[in-house]
Amino acid sequence: MFEEPQMNLFEPVAACSPAARLAPCGITLRETPCRSLLNRADISDYSFNCYTGCLHGCAYCYARFMQRFHPHDEPWGQFVDVKINAPTVLAKQLRHLPPGSVFACSACDGWQSIEQHYQLTRRCCQLLLAAGFALNVLTKSDLVLRDLDIFTGRPVTLGVTIAIPDENLASLWEPAASPVSARLHILKEARKAGLRTTLMFAPLLPHISDTPDSLLRLFQLAKDAHVDCIITDALNPRPRVWPSVQHLLQTHRPDLLPLYSDMLFHPARRKQYLADLDRRIAHAAAQTHLTDRLA
Ligand code: SF4
């Protein structure tokens, strides 16, 4: 039976207004109560998101589909809905749900900058761990290091995503995520804290981060970080992703537009691309002696 922790996790953390602070940057922030937080998921038994929207604003972000259910005039990366009652709702759900593994987070980065103010992801992680759930964390934000104190000694796997090893290109595609070097530092600290670590290379971008050289560089980073598990994924034609990727390529790499269009939308060429990519990934893993770490 789940018992609520002694500490009060539901108190607001500070009495200032992040909405007022973000407005001059053109970012809209809304505090909206939710009815349910923990959902059944494919990737783990459950997943949760304390925010709708993500200020990291990655050009390839698949979570854009959330705009269908939470319409906003602002582009992706320029709005966040804060599920202000998330810990209270989660605590109620935990009274009835059997423990399992939880993916944090599936449709936003739970450690995006506003989490520093709201601490909702942190408080939900505390509740889940106290209730005997295991956490599978994936982030691009070094704010997650704040929460090593609650993860240490608990069933937590801490992972980071890197799509592109080059810092300049990464900041173009993932404008507000932590630098690649900071993400690698997360893995180092997590390992020092005794946690299992994951490095996810996703999405691998054609002719940018899927080349043999780039893959070798990525796998070398994984080797240097001594990660327990490596996950890879290609760029996928998810809803609302293509216009954003197309816009970025038009501005910075118009020469790649036909290739991306083919790879995403021509079934036969996509099949061939994915088979070739698998071969290049397997080769880079073998060259770095990491084949056994590939998920
Ligand atoms: S960090 Fe993840 S959820 Fe946030 S914008 Fe980037 S891909 Fe989307």
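## Focus: the pairing of strand β8 (residues 156-161)
Taken across its six residues, β8 has six buried, putting it largely inside the fold. Alternating residues of β8 divide into Val156, Leu158 and Val160 and Thr157, Gly159 and Thr161, and every residue in both groups is buried. Inspection of the sheet shows strand β7 (residues 134-139) paired to β8 by five bridges, in the parallel sense. Paired with Val137 across the two strands is Leu158, which belongs to β8. Bridging between β8 and strand β9 (residues 196-204) involves five bridges; their strand directions are parallel. Directly across from Val160, in β9, lies its bridge partner Leu199.

## Quick notes on the sheet that holds β7
Judged by pairing direction, the sheet is mixed, and its seven strands sit side by side in the order β2-β3-β6-β7-β8-β9-β10 without closing on themselves. Because the sheet does not close on itself, it has two edges, and the strands there are β2 (39-40) and β10 (229-234). Sheet topology note: the strand β3 (residues 46-48)/strand β6 (residues 101-104) ladder contains three bridges and is parallel. The residue bridging Tyr46 from the neighbouring strand is Val102, located in β6.

## Considering the site of the ligand
Close to the ligand lie Cys54, His56, Gly57, Cys58, Cys61, Trp76, Cys108, Asp109 and Lys140, which account for all nearby residues. Residues belonging to the shell around the ligand are distributed by class as follows: five nonpolar, two polar and two charged.

## Comments concerning the packing of aromatic side chains
One pass over the structure, following the stated rule, counts five aromatic pairs. Measuring from centroid to centroid gives 5.7 Å for Trp76 and Phe79, while their planes differ by 80°, and the two rings are edge-to-face. Just as Trp76 is buried, Phe79 falls in that class too. Note that Arg238 overlies the ring of Tyr62, its terminal NZ or CZ placed 4.4 Å from the centroid.

## Brief notes about the environment of Leu158
Note on placement: Leu158 falls in strand β8. What makes Leu158 buried here is its relative accessible area of 0%. Residue contacts for Leu158: discarding those within four places in its chain leaves Val137, Val144, Leu148, Ile186, Leu187, Ala190, Leu195, Arg196, Thr197 and Thr198.

## Concerning the pattern of salt bridges
Two side chains carrying opposite charge are able to pair once their charged atoms lie near each other. For the structure on display, the rule yields twelve salt bridges. The salt bridge involving Lys192 is made with Glu189; its shortest N-O contact spans 3.2 Å. Within this pair, Lys192 and its partner Glu189 are both found in helix α8 (residues 180-192), separated by three residues, close to a single helical turn. Salt bridges linked by common partners bring Glu115, Arg122, Arg146, Asp147 and Asp149 together as one network.

## As for the sheet that holds strand β5 (residues 79-82)
One open sheet holds the three strands; their spatial order is β1-β5-β4, and the pairing between them is mixed. Edge positions in the sheet fall to β1 (28-31) and β4 (51-52), since each of these pairs with one other strand and no more.

## A word on the nonpolar core
Within the largest apolar cluster, 95 residues are counted, with the highest numbers of intra-cluster contacts made by Phe48, Phe151 and Trp173. Counting residues per element, this core draws most heavily on helix α5 (residues 120-130), which supplies six residues. With residues up to four places along the chain from it excluded, the contact list for Phe151 reads Trp111, Cys125, Leu129, Leu135, Val137, Val144, Val156 and Leu195.

## Structural notes on the confidence of the model for the protein
The predicted structure's coordinates, where accompanied by low pLDDT, should not be read in detail. For the protein, mean pLDDT is 92; residues scoring 70 or higher make up 94% of the total. Between residues 1-12, whose pLDDT stays under 50, and residues either more than four places distant or in other chains, the model counts 22 contacts.

## Comments concerning the side chain of Thr197
In this structure, Thr197 sits in strand β9. Discounting chain neighbours no more than four positions away, the residues touching Thr197 are Thr157, Leu158, Leu187, Ala190, Arg191, His226, Val227, Asp228 and Cys229.

## Description of unusual backbone geometry
Phi is mostly negative for residues that are not glycine, and the peptide bonds are mostly trans. Cis geometry marks the peptide bond from Ala104 to Cys105; its omega dihedral reads 5°. The residue Cys105 is located in the loop between β6 and α4 (115-118) in this model. Backbone geometry places Gln119, a non-glycine residue, at a positive phi of 55°. Its place among the elements puts Gln119 in the loop between α4 and α5.

Rules used throughout
- Residues numbered from 1 in each chain as written.
- Predicted model: local features only at pLDDT ≥ 70, side-chain atom pairs only at ≥ 80, totals over all residues.
- Heavy atoms only, no water.
- Buried < 20%, exposed > 50% of the residue type's maximum accessible area, 1.4 Å probe, protein only.
- Helix = DSSP H or I, 4+ residues; strand = E, 2+ residues; numbered from the N terminus.
- Pairing = 2+ DSSP bridges.
- Near = heavy atom within 4 Å.
- Nonpolar A, V, L, I, M, F, W, Y, C, P; charged D, E, K, R; others polar.
- Phe/Tyr/Trp six-rings, centres within 6.5 Å; stacked < 30°, edge-to-face > 60°.
- Lys NZ or Arg CZ within 6 Å of the ring centre and 35° of its normal.
- Contact = heavy atoms within 4.5 Å.
- Salt bridge = Lys/Arg side-chain N within 4 Å of Asp/Glu carboxyl O.
- Core = buried A, V, L, I, M, F, W, Y, C linked by side-chain atoms within 4.5 Å.
- pLDDT = per-residue confidence, 0-100.

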